[in-house]
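A structural walkthrough
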Amino acid sequence: MSSQQNPAPDTAEAAAAAEPRPRRLTYAAALAALEGTALLAGGLWVLVLGLTGAPDDRQQAVTLGITLAVLALLPLLAARGLLLRRGWSRGPAVITQVMALPVAYNLLRADSMAIPAGIALAVVAVAALVLLVNGETTRALGIKGPGRAE
């Protein structure tokens, strides 16, 4: 076969793939997986309570449970992509963290046991954002900044 039909891989991409995964990328993936798991557990909990308990509105409880379980797929898929060093995965991971910040804020404003959950969510979201926009993480995912595309 000619070199035009089977091009050689980019040396920068091949070198990045050969390097071990940075710890920051692993930590960001772990935080995204933690959020996804928490969303899934919360969704299943609300779904089970909606089906077996006596909620004010059974249909609303079931809908909320299913919605939370489906929303859990975004951070879980992003975590898997981060672990596999896929460049596309940073976008959904960042979106998840940005969506978590207003939720954490509302939990912090509550006058209940939700305040510790708001603190934990805010800490996880900010830590994950810092890890996701870190230069080492960006390089490991093969993401090039504006004006650096070749």
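Residues numbered from 1 in each chain as written. Predicted model: local features only at pLDDT ≥ 70, side-chain atom pairs only at ≥ 80, totals over all residues. Heavy atoms only, no water.

If you look the protein chain up in an unreviewed UniProt entry, it shows as Integral membrane protein from Streptomyces cyanogenus.

1. Observations regarding the overall build of the protein chain
Each helix and strand in the protein chain was counted, giving seven helices and zero strands. Going residue by residue from the N terminus, the α and β elements of the protein chain occur as α-α-α-α-α-α-α. Put simply, the protein chain has 150 residues, and 28% of those count as buried. A separation threshold of at least 6 residues defines the contact pool for the protein chain, and within that pool the share at least 24 residues apart is 66%. Element-wise, carbon and sulfur atoms account for 66% of the exposed surface of the protein chain, whose accessible area totals about 9,900 Å². (Helix = DSSP H or I, 4+ residues; strand = E, 2+ residues; numbered from the N terminus. Buried < 20%, exposed > 50% of the residue type's maximum accessible area, 1.4 Å probe, protein only. Contact = heavy atoms within 4.5 Å. Areas by Shrake-Rupley, 256 points an atom, 1.4 Å probe, with all protein chains shown as cover.)

2. Some thoughts on the UniProt feature "transmembrane region" (unreviewed entry) in the protein chain
Mapped onto the present numbering, the UniProt feature "transmembrane region" (unreviewed entry) falls on residues 25-48, 60-79, 91-108 and 114-134. Along residues 60-79 one finds 95% helix and 0% strand; the C-alpha atoms at either end are 29 Å apart. Within the segment residues 91-108, helix and strand shares are 100% and 0% respectively, and the terminal C-alpha atoms sit 26 Å apart. (UniProt positions renumbered as here; feature names shortened; annotations may be inferred.)

3. Looking at helix 3 (residues 58-71)
Compared with an ideal rise of 1.5 Å per residue, which puts 14 residues at 20 Å, helix 3 spans 20 Å between its outermost C-alpha atoms and is within 8% of the ideal. Those residues of helix 3 lying buried are Ala-61, Val-62, Gly-65 and Ala-69. The arc that holds the buried residues of helix 3, viewed along the axis, is 95 degrees, so those residues lie on one side. Facing away from the buried side of helix 3, by more than 90 degrees, are the exposed residues Gln-59, Gln-60 and Val-70. For helix 3, the secondary structure elements touched by its buried residues are helix 2 (23-52) and helix 4 (73-83). (Expected span 1.5 Å × (residues − 1). Arc of directions from axis to C-beta.)

4. Remarks on the layout of surface pockets
Empty space among the atoms becomes apparent when a probe as large as a water molecule is rolled across them. Here the largest pocket defines a volume of roughly 620 Å³. Contributing to the lining of the largest pocket are 20 residues, with Glu-35, Leu-39, Leu-68, Val-103 and Leu-121 lying nearest its centre. Mapped by element, the contributors of at least two residues to the lining of the largest pocket are helix 2, helix 3, helix 4, helix 5 (90-109) and helix 6 (114-132). Counting residues per element, the lining of the largest pocket draws most heavily on helix 2, which supplies eight residues. Counted by class, the lining of the largest pocket contains 16 nonpolar, three polar and one charged residues. (1 Å grid on protein atoms, 1.4 Å probe; cavity = no way out; pocket = protein on both sides within 12 Å on 5 of 7 lines; lining within 4 Å. Points joined across faces, edges and corners; volume = space filled by probe spheres on them. Nonpolar A, V, L, I, M, F, W, Y, C, P; charged D, E, K, R; others polar.)

5. Here we look at the confidence of the model for the protein chain
Detailed reading of the predicted model is not advised wherever pLDDT is low. Across the protein chain, pLDDT averages 87, with 85% of residues at or above 70. Mean pLDDT across the secondary structure elements of the protein chain bottoms out at helix 1 (residues 11-18), with 52, and peaks at helix 4, with 96. (pLDDT = per-residue confidence, 0-100.)

6. Details of the environment of Leu-121
Note that Leu-121 resides in helix 6. Through-space distance from the C-alpha of Leu-121 to that of Leu-107 is 9.0 Å; in sequence the pair is 14 residues apart.

7. Quick look at the nonpolar core
Residues Leu-25, Ala-28, Leu-31, Leu-82, Ala-93 and Leu-132 are the most contacted members of the largest nonpolar core, which totals 13 residues. Once you skip the residues sitting within four places of it in the chain, Ala-28 turns out to touch Leu-82, Leu-131 and Leu-132. (Core = buried A, V, L, I, M, F, W, Y, C linked by side-chain atoms within 4.5 Å.)

8. Brief notes about unusual backbone geometry
Phi at Arg-85 is positive, roughly 60 degrees, even though this residue is not glycine. Residue placement: Arg-85 occurs in the loop between helix 4 and helix 5.

9. A closer look at helix 2
Taking 1.5 Å of rise per residue, the 30 residues of helix 2 would be expected to cover 44 Å, and the 43 Å separating its terminal C-alpha atoms lies within 8% of that figure. When we look at burial in helix 2, the residues that qualify are Leu-25, Ala-28, Ala-29, Leu-31, Ala-32, Glu-35, Gly-36, Gly-43, Val-46 and Gly-50.

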